[in-house]
Amino acid sequence: MSDLIKIEVNENQEPIVSGRELHEVLGVKTAYKDWFPRMIEYGFQKDIDYIEITEKVEAQKRARTYVQVNHAIKLDMAKEIAMIQRNEQGKKVRQYFIQVEKDFNSPEKIMARALKIAEGKLNILQLENKKQKQLIGELKVKADYTDKILQNKGLVTINAIANDYGMSATKMNKELHNLRIQYKQGSQWLLYTEYRDFGYTHSETIDLKRRDGTHFAKMNTKWTQKGRLFLYEMLKKNGIVPVIER
C-alpha cells in the first residue's frame, strides 16, 4: 500500500498527485479527458485545488512524442475523488491518502521539510553573497583605476595610457582611430570635431634639432586626466579594459 500512488510536493510544500495516475489506480473505465471534467463539477477550482499541466509522452505504437493534458491535484481533492467512486478501490485509495496525510503532518516530516526549505534559502543567500562579493570586487577595481587617474593632475602621453592597457602606443592610436575618436594629420593625432571642445587633449610644441643643426617645431598631443577618463569609458563600451580590471 505504501507505493499505491506516487506523492509529490508542490512549491508550497503541499502533497499532490497526478490526475492521470489517480485515474489509473482507481480503475476508471471512462477516458481521462472525459472523466476529469466530470470530477471538477463537484466544486473543485482550478489553480486552487488543482493545476493543469501539459506533458510530452512517447506514443506506444509510433516512434514519436505527443503532448497530453494532465493535472496536479492536491491531496484533499484526491481524497474526495476517491470517495466519489463509491467502490472498494476508491475506499482503498482514500484510506491510503489519509495515511499519507498523517505521515506528511508528523512532527518529523514537518521538521524535515522546514530544514529542507531553510537549506534552500541558505544556498540562495550564499549564491547572492558570492555575486555581491564579485560585484564589489569589480567596482573596487574600477575605483582603483579611476582613482589612479584622478590622483594624477598632469598631462599624460599616449604611451602611458597604452601601457595601462597592455598595448603599444601605435596600437592604441589605431584603436582610437577605429573608434572615430581621432584622426592623423601629418605626424600628429587630432580629435574629431565632436570631441574637440571638451578639454580632453593638450598640444605641446616641441623644438627639435636636425642633423645639420637647424631647428624645427613639432606638435605633440598629450591627454588631460579628463581625456583619460573619457578614453576609459569609450574603450570599456567597446570591450577594451585596462590590465588592472582583467
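Quantities reported herein were computed from a predicted structural model and do not represent experimental measurements.

## What about the sheet that holds strand 3 (residues 50-58)?
1) Next: On the basis of which strands lie adjacent, the open sheet formed by four strands has the order 1-2-4-3 and antiparallel pairing. The sheet is open, and its two edges are formed by strand 1 (8-9) and strand 3, each paired on a single side.
2) Next: Judged from the three bridges that link them, strand 2 (residues 15-18) and strand 4 (residues 65-74) form a sheet pairing that is antiparallel. Note that in strand 4 the partner of serine 18 across the bridge is alanine 72.
3) Next: Helix-sheet contacts for helix 2 (residues 32-39) involve strand 3 and strand 4, and the interaxial angle to strand 4 is about 25°.

## Quick notes on the side chain of histidine 71
1) Next: Considering the arrangement of structural elements, one finds histidine 71 in strand 4.
2) Next: Taking relative accessible area as the criterion, histidine 71 reaches 6% and is therefore assigned buried.
3) Next: Apart from the residues within four sequence positions on either side, histidine 71 is in contact with Val17, Ser18, Gly19, Tyr32, Phe36, Tyr50, Ile51, Glu52 and Ile53.

## Description of the pattern of salt bridges
1) Next: Summed over all chains, the structure comprises seven salt bridges.
2) Next: Measuring nitrogen to oxygen at the nearest pair gives 3.2 Å for the salt bridge that ties glutamate 8 to lysine 6.
3) Next: Between glutamate 245 and lysine 236 there is a salt bridge whose closest N-O contact spans 3.2 Å.
4) Next: A residue is classified by how much of its surface remains accessible, and glutamate 245, at 19% relative accessible area, is buried.
5) Next: Residue classification places lysine 236 among the partly exposed residues on the basis of a relative accessible area of 33%.
6) Next: Shared partners join several salt bridges into a network, and the residues in it are Asp76, Lys79 and Glu101.

## Describing helix 4 (residues 88-104)
1) Next: With 17 residues, helix 4 ought to run about 24 Å at 1.5 Å a step, and its terminal C-alpha atoms sit 24 Å apart, in line with that.
2) Next: Every buried residue of helix 4 is listed here: Gly90, Val93, Tyr96, Phe97, Val100 and Phe104. Axial view of helix 4: buried residues confined to an arc of 120°, hence all on one face. Residues of helix 4 that are exposed and point over 90 degrees away from its buried face: Glu88 and Lys102.
3) Next: Between a side-chain oxygen at the N-terminus of helix 4 and the backbone nitrogen of glutamine 89 the separation is 3.3 Å; the capping residue is asparagine 87.

Rules behind the numbers
Residues numbered from 1 in each chain as written. Predicted model: local features only at pLDDT ≥ 70, side-chain atom pairs only at ≥ 80, totals over all residues. Heavy atoms only, no water. Pairing = 2+ DSSP bridges. Helix = DSSP H or I, 4+ residues; strand = E, 2+ residues; numbered from the N terminus. Contact = heavy atoms within 4.5 Å. Axes fitted to C-alpha atoms, helices over the stretch in contact; angles between N-to-C directions. Buried < 20%, exposed > 50% of the residue type's maximum accessible area, 1.4 Å probe, protein only. Salt bridge = Lys/Arg side-chain N within 4 Å of Asp/Glu carboxyl O. Expected span 1.5 Å × (residues − 1). Arc of directions from axis to C-beta. Polar contact = N/O pair within 3.5 Å; in protein donor to acceptor, adjacent residues only side chain to side chain.

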